[in-house]
Amino acid sequence: MVIYPKMITDALATVTYAGTKKNLIESEMLADTPAVAKLADDRWKATVVLLFPRETDPFLKSTVKAAEAAIHYHVGKDVEVEIKTEFRSAPRPEVGNMLPGVKNIIAVSSGKGGVGKSTVAANLAISLARLGYSVGLLDTDIFGPSVPKMFNIEDARPHAVEVGGRQLIQPIEQYGVKLLSIGFFVGKDTATLWRGGMATSALKQLIADANWGELDYFILDTPPGTSDIHLTLLQTLAITGAIIVSTPQNVALADARKGIDMYQNDKVNVPILGLIENMAWFTPAELPDNRYYIFGREGAKRLAEEMHLPLLAQIPLVQSICDNGDNGTPAALDENTMTGQAFLALAQSVVTVVNRRNKEKAPTQIVGLKK
């Protein structure tokens, strides 16, 4: 029996690739003409190189097995088959090299939900952009994404771009900030019922498989509390520093302490850049000079003093902050308002503490990669 390359090609034409619903030849997955060689014992060997879209292709193993089975069935069961794989997309960069163009990575965190952390993260990002910095904001709350609504882009759908041989997600740009959120990929009214592994895998894709480019500040809007998401971030990125958001009340402050402890843990060692006291007081629109301390007074300020950390800002509770967030027009867009000025001052404070941190401290090491 003599075997020819066309016999191998014809056999591969009977194999359907699930990614395209077409056969391997129609899907242009055959990288080169199959190589055939006669072995010493009169058997034949066929070597095939299949081209897959990416290294993490979910259909890779099943397709390789199907191709091997097709050659055995259509050409000969005694044929020795070697199937090699190549990939159209370059491999994902290793941990530590995922965001080479990003200068500073800032985690905005809170010990508990409901303290306005996402509002602060969004307005901080916009204010930094208005100061002239290049800024990216990643919504890392896989189960409760809020960035699409807060930036009035709930219907936006990121597209793929080819960069350096890789297919990358292109962030959505709004108000001068590059944005990504799992909310762009699921329905706005759809619950994300994922186990922890699926959530962390999606988060890594938003970090490593996105075209973030050159950024002065990369803001991470983290979920409340401490979770798998936080651990994934710490094991994936060298976070420049963390900002803790809290309201003045004791319940929020108790959880804020836990958030601080997570970053200051000996195995983590991410510097705390400072605290933000959100909803520091209530000021009604009709009485702009009045302050009502409905959540307590200066609780976060006292906590900052106790822990020898900077108090970066005290943000008042004003009806317009809520309205602007719901309308997708964050307060930081208008510098002429009290809240717009407060967020601009916050951004300036963040720039100052980050510059001081980079001058006085060594770069943060990724958890698990410390020497």
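Positions within a chain are numbered from 1, following the residues in the order the chain's sequence is written. Note on the predicted model: pLDDT of at least 70 is required for a residue's local features to be given, and 80 or more for side-chain atom pairs to be given and counted; whole-chain, interface and lining totals, by contrast, use all residues. Side-chain metrics in this entry use all non-hydrogen atoms of the structure; hydrogen atoms and water are not considered.

### Points about the overall build of the chain
No. 1: Numbering goes from the N terminus for both helices and strands, where a helix is a DSSP run of H or I of at least four residues and a strand is a run of E of at least two. Helices and strands together make up the secondary structure of the chain, namely 10 helices and 15 strands.
No. 2: All radius of gyration figures rest on C-alpha atoms, and the globule criterion is 2.2 Å times the number of residues raised to 0.38. A compact globule built from 371 residues would reach a C-alpha radius of gyration of about 21 Å, whereas the chain, at 26 Å, exceeds it by more than 25%.
No. 3: Dimensions along the principal axes, computed over C-alpha positions, put the chain at roughly 95 × 45 × 35 Å.
No. 4: With a 1.4 Å probe rolled over the protein chains alone, any residue whose accessible area is under 20% of its type maximum counts as buried; one over 50% counts as exposed, and the rest are partly exposed. Buried positions account for 50% of the 371 residues belonging to the chain.
No. 5: Considering only contacts in the chain between residues 6 or more positions apart, those separated by 24 or more positions represent 73%.
No. 6: In short, Shrake-Rupley with a 1.4 Å probe defines the accessible areas, and a residue's cover is counted only from the protein chains shown. By element, 50% of the accessible surface of the chain is carried by carbon and sulfur atoms, the whole surface being about 18300 Å².
No. 7: Asp and Glu count as negative and Lys and Arg as positive, but His and the ends of the chain are not part of the count. Lysine's charge is taken at NZ, arginine's at CZ, aspartate's at CG and glutamate's at CD. Within the chain, one finds 37 positive and 40 negative side-chain charges whose respective centroids are separated by 4 Å. Contacts are assigned to residue pairs that have any heavy atoms within 4.5 Å of one another.

### A few points about the side chain of T339
No. 1: Residue placement: T339 occurs in helix 10 (residues 338-360).
No. 2: For T339, a relative accessible area of 3% translates into the label buried.
No. 3: Beyond its immediate sequence surroundings of up to four residues, T339 is in contact with P316, V318, S320, I321 and A331.

### A few points about the layout of surface pockets
No. 1: Cavity: a set of points on a 1 Å grid over the protein atoms alone where a 1.4 Å probe fits but cannot get out. Pocket: an open set with protein on both sides within 12 Å along at least five of seven lines, its lining residues, like those of a cavity, having an atom within 4 Å of a point. Grid points are joined across faces, edges and corners, and a volume is the space filled by probe spheres set on the points. Of the volumes computed, that of the largest pocket is approximately 450 Å³.
No. 2: Around the largest pocket sit 16 residues that line it, and R54, T56, R92, Q205 and D209 are the ones nearest its centre.
No. 3: Contributing elements (two or more residues each) for the lining of the largest pocket: strand 9 (166-169) and helix 5 (196-208).
No. 4: Only Asp, Glu, Lys and Arg are considered charged, only Ala, Val, Leu, Ile, Met, Phe, Trp, Tyr, Cys and Pro nonpolar, and every remaining residue, Gly among them, polar. Broken down by class, the residue content of the lining of the largest pocket amounts to five nonpolar, five polar and six charged.

### Details of the pairing of strand 7 (residues 135-139)
No. 1: In terms of burial, strand 7 is largely enclosed, as five of its five residues are buried.
No. 2: Going residue by residue along strand 7, you find V135, L137 and D139 tucked away on one face and G136 and L138 tucked away on the opposite face as well.
No. 3: Here strand 7 runs beside strand 11 (residues 177-181); their pairing, made up of five bridges, is parallel. Counted as the bridge partner of G136 is K178 from strand 11.
No. 4: Two strands form a pair only when DSSP identifies at least two bridges running between them. Where strand 7 lies against strand 12 (residues 215-221), five bridges are found, and the strand directions are parallel. Residue pairing across strands places V135 opposite Y217, the latter belonging to strand 12.

### Describing the sheet that holds strand 14 (residues 272-282)
No. 1: The eight strands lie next to each other as 10-11-7-12-6-13-14-15, forming an open sheet whose pairing is mixed. Looking at the sheet topology across the chains shown, the edges are occupied by strand 10 (172-174) and strand 15 (311-317). Within this sheet the neighbouring strands show an average axis-to-axis angle of 25°, counted without direction.
No. 2: Axes, fitted as lines to C-alpha atoms, cover a helix only where it is in contact. Angles between the N-to-C directions of the axes lie from 0 to 180 degrees. Running at roughly 160° to strand 14, helix 8 (residues 299-306) makes contact with strand 14 and strand 15 of the sheet.

### Examining the sheet that holds strand 3 (residues 35-38)
No. 1: As summarised here, the arrangement of the three strands in space is 3-4-5, forming an open sheet in which the pairing is mixed. At either margin of the open sheet sits one strand with a lone partner, and together these are strand 3 and strand 5 (80-87). If you compare each strand with its neighbour and ignore which way they point, the axes differ by 20° on average.
No. 2: Note that strand 4 (residues 44-52) and strand 5 share eight bridges and pair parallel.

### Section: the packing of aromatic side chains
No. 1: Each aromatic pair joins two rings of Phe, Tyr and Trp (for Trp, the six-membered one) with centres within 6.5 Å, and gets the label stacked for planes under 30 degrees apart, edge-to-face for over 60, and tilted for any other angle. Scanning all chains against the criterion turns up six aromatic pairs.
No. 2: Relative to Y217, the ring of Y133 has its centre 5.3 Å away and its plane inclined at 90°; by these criteria the two rings are edge-to-face. Here Y217 lies in strand 12 and Y133 lies in the loop between helix 3 (117-130) and strand 7, a separation of 84 residues in the sequence.
No. 3: For Y133, a relative accessible area of 30% translates into the label partly exposed.
No. 4: One aromatic cluster is present, formed by Y17, F52 and F59 through successive ring pairs.
No. 5: A ring has a charge above it when a Lys NZ or an Arg CZ is no more than 6 Å from the ring centre and no more than 35 degrees off the ring normal. The cationic tip of R291 hangs over the ring face of W281; the distance from NZ or CZ to the ring centre is 3.7 Å.

### Notes on the environment of N278
No. 1: Mapping N278 onto the fold places it in strand 14.
No. 2: In this structure, the C-alpha to C-alpha distance between N278 and S246, residues 32 residues apart in sequence, is 5.9 Å.
No. 3: With residues up to four places along the chain from it excluded, the contact list for N278 reads V115, G116, V120, V245, S246, T247, P248 and I315.
No. 4: Polar contact is the term for a pair of N or O atoms within 3.5 Å; when the atoms are in protein, one must be able to donate a hydrogen and the other to accept it, and sequence-neighboring residues count only if both atoms are side-chain atoms. Only 2.8 Å separates the side chain of N278 from the backbone oxygen of V115, close enough to count as a polar contact.

### So, the nonpolar core
No. 1: One finds F218 and I219 to be the most contacted residues of the largest nonpolar core, which totals 86 residues.
No. 2: Setting aside chain neighbours within four positions, we find F218 in contact with L99, V102, N104, I105, I106, G136, L138, W212 and L237. Put simply, a nonpolar core is a bunch of buried Ala, Val, Leu, Ile, Met, Phe, Trp, Tyr and Cys residues held in one set by side-chain atoms that sit within 4.5 Å of each other.

### Description of the packing of helix 1 (residues 5-12) against helix 2 (residues 60-74)
Angle between the axes and distance between the axes: these two values describe a pair of packed helices.
No. 1: For the pair helix 1 and helix 2, the least separation of the axes is 8 Å and the interaxial angle reads 120°. In terms of orientation, helix 1 and helix 2 fall into the oblique class. Of the two elements, helix 1 crosses helix 2, and the hand of that crossing is right-handed. In this structure, helix 1 uses I8, A11 and L12 to contact helix 2, whose residues at the interface are A67, A70, I71 and H74.
No. 2: The residue makeup of the contact of helix 1 with helix 2, split by class, is six nonpolar, one polar and no charged. For this classification, under 35 degrees means roughly parallel, over 145 means roughly antiparallel, 65 to 115 means roughly perpendicular, and everything else is oblique. Two helices that cross are described as forming a left-handed crossing if the nearer one is turned anticlockwise from the farther one by less than a right angle, and a right-handed crossing if clockwise.

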